[in-house]
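Letter by letter, the chains look like this.
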Amino acid sequence: MDQTQSSRFTAPAGGEISMVELIARIQRARDWAHLEAQKNYSLVEEHVDDGVLLQALAQQSRAAAFEAVRVVLEEILAPGTHSGGLPAS
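Given the structure is predicted, the values throughout are model-derived calculations rather than measurements. (Residues numbered from 1 in each chain as written. Predicted model: local features only at pLDDT ≥ 70, side-chain atom pairs only at ≥ 80, totals over all residues. Heavy atoms only, no water.)

**Describing the overall build of the protein**
The helix and strand tally for the protein stands at three helices and two strands. Moving toward the C terminus, one meets the helices and strands of the protein in the order α-β-β-α-α. Contacts in the protein between residues at least 24 apart in sequence constitute 37% of all its contacts with a sequence separation of at least 6. (Helix = DSSP H or I, 4+ residues; strand = E, 2+ residues; numbered from the N terminus. Contact = heavy atoms within 4.5 Å.)

In structure tokens:
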């Protein structure tokens, strides 16, 4: 595989993007997931104070899902650097 082939990624929609753009997209997705997790964790704290347990549990679940997305994307960007994470390949 030559340098041109190895630095391009064919997106599922059929278009090609550079590896630099792919990494940038993963980083943006990771950062977005982190912000969403933090927003939902904050909402959990607000609802727990209000005594609305069901809403707090729903927000906790959403926050955990976004945190899982962030951790997976972080592992893609920096394999093997996360305790309890996926093994480096």
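There's more to say after this.
**Re helix α3 (residues 53-77)**
Under the 1.5 Å per step criterion, the end-to-end length of α3 is 36 Å for 25 residues, consistent within 8% with the ideal 36 Å. For α3, the complete set of buried residues consists of Ala-56, Gln-59, Ala-63, Phe-66, Arg-70, Leu-73, Glu-74 and Glu-75. (Expected span 1.5 Å × (residues − 1). Buried < 20%, exposed > 50% of the residue type's maximum accessible area, 1.4 Å probe, protein only.)

**Here's the deal with the environment of Gln-60**
Along the chain, the position of Gln-60 falls in helix α3. As a C-alpha pair, Gln-60 and Val-44 span 16 residues in sequence and 6.0 Å in three-dimensional space. Contact partners of Gln-60, with chain neighbours within four places excluded, come to Tyr-41 and Val-44.

**Some details on the confidence of the model for the protein**
Low pLDDT means the predicted coordinates in that region are not meant to be read closely. Summing up the model confidence of the protein, the mean pLDDT is 74 and the portion of residues at 70 or higher is 69%. Confidence, expressed as mean pLDDT per element, reaches its minimum in the protein at helix α1 (residues 3-6) with 48 and its maximum at α3 with 84. Taken together, the stretch residues 1-5 has pLDDT below 50 and engages in one contact with residues farther than four places along the chain or on a different chain. Predicted confidence is poor over residues 84-89, with pLDDT under 50, and the contacts of this stretch with residues over four places away or in other chains come to four contacts. (pLDDT = per-residue confidence, 0-100.)

**Considerations on the environment of Ser-42**
Within the element layout of this structure, Ser-42 appears in helix α2 (residues 19-50). Sequence-wise, Ser-42 and Ala-56 are 14 residues apart; in three dimensions their C-alpha atoms are separated by 9.8 Å.

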